[in-house]
Amino acid sequence: MAKTVSIAIDGPAGAGKSTIARAIAKELGYYYVDTGAIYRTVAYFMDLLGISPKDVDGVERYIDELTINIEYDDEGVQHMIMNGMDVSNDIRTQDISQKASLISAHAVVRDVLLDMQRDVAKAHNVVMDGRDIGTVVLPKAQVKIFLTASAEVRAKRRTDELIAKGQKANYEQILKEIQQRDYQDSHRAIAPLKMAKDSVKVDTSDMTIDEVIAAIRAIVAEKVGA
Ligand code: DC
């Protein structure tokens, strides 16, 4: 089998990883893999069973009952299938964001998901986004980007996004949740959010989406000629 190309995009919550990764994948004709969605699916499953994301024994007891499939529709959009059910929309709440952050700290969860993520990258060229893609999941990725922005800018973008969708949004509350998630994701013992040594940092605080895409395309062109 021909060797595949992997582009790893890591960074904190709300840095714009999914928007950017999806756009780059589309331009290159690669698969876009949103790994946060997989952790969210685990959190959603345990939540339905009434298991707290902090209850490591409960999570361990029921994780084998969960089958996750990643599917792509004709537009290349990733769908999360939980025991045969498409839960792609259900996993997008603030509540599940926090629970996914807590549940992702457990070794039992990370171990199960590791092979799933590596298998996709072995079979396809991918742009994969997450927290530990360049450090743990795909340490040999040909391109590694660390996408970041100040917590204030990320909270402002999220607030504007919710308001544009006609939903209620409180900037202070969103900022607090982002800071809490940053702390949890970067202070856990296993595979914490951190920049890989060979990663290129892109701070998007003062950049438009098009500028970020152009900057990353230039890095990809330099590293893999794609
Ligand atoms: O990217 P996201 O906001 O959808 O991710 C939800 C949570 O999942 C995030 O707070 C931490 C966890 N996560 C992780 O631990 N490792 C990844 N590669 C991706 C997400």
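Residues numbered from 1 in each chain as written. Predicted model: local features only at pLDDT ≥ 70, side-chain atom pairs only at ≥ 80, totals over all residues. Heavy atoms only, no water.

## Description of the sheet that holds strand E5 (residues 85-86)
Backbone hydrogen bonds are what pair the strands of a sheet, in a parallel or an antiparallel way. Pairing in this open sheet of three strands is antiparallel, and the strands run E3-E4-E5 from one edge to the other. With one partner strand each, in any of the chains shown, strand E3 (68-72) and E5 form the two edges of the open sheet. Both strand E4 (residues 78-82) and E5 contribute to a ladder of two bridges, which runs antiparallel. Bridging from a neighbouring strand, Met82 pairs with Met85 of E5. (Pairing = 2+ DSSP bridges. Helix = DSSP H or I, 4+ residues; strand = E, 2+ residues; numbered from the N terminus.)

## What to know about the site of the ligand
Neighbouring the ligand are 15 residues; Arg40, Arg110, Arg181, Asp185 and Arg188 lie closest to it. Between an oxygen atom of the ligand and a side-chain N or O atom of Arg181, the distance comes to 2.9 Å. When the free accessible area of the ligand is taken as 440 Å², the share hidden by the protein chains comes to 96%. Those elements that place two or more of their residues in the shell around the ligand are helix H2 (35-48), helix H4 (94-103) and helix H8 (171-187). Ranked by residue count, the leading element in the shell around the ligand is H2, at four residues. In the shell around the ligand, the residues fall into three nonpolar, five polar and seven charged. (Near = heavy atom within 4 Å. Polar contact = N/O pair within 3.5 Å; in protein donor to acceptor, adjacent residues only side chain to side chain. Areas by Shrake-Rupley, 256 points an atom, 1.4 Å probe, with all protein chains shown as cover. Nonpolar A, V, L, I, M, F, W, Y, C, P; charged D, E, K, R; others polar.)

## Quick look at the sheet that holds strand E8 (residues 200-203)
Strand order in the open sheet made by the five strands is E2-E6-E1-E7-E8, with parallel pairing throughout. The open sheet has two edge strands, strand E2 (31-34) and E8, and neither has a second partner. For this sheet, the mean inter-axis angle between neighbouring strands, taken without regard to orientation, is 20 degrees. As defined by bridge partners, strand E1 (residues 6-10) adjoins strand E7 (residues 143-148) across four bridges and the pair is classed as parallel. Residue Asp10 lies in a different strand from E7, and its bridge partner there is Phe146. Where H2 meets the sheet, it contacts E2 and strand E6 (126-130), and its direction lies at approximately 40 degrees from that of E2. Each of E1, E7 and E8 touches helix H9 (residues 209-224); the most contacted strand, E7, lies at about 160 degrees to it. (Axes fitted to C-alpha atoms, helices over the stretch in contact; angles between N-to-C directions. Contact = heavy atoms within 4.5 Å.)

Purely geometric numbers; function is a separate question.
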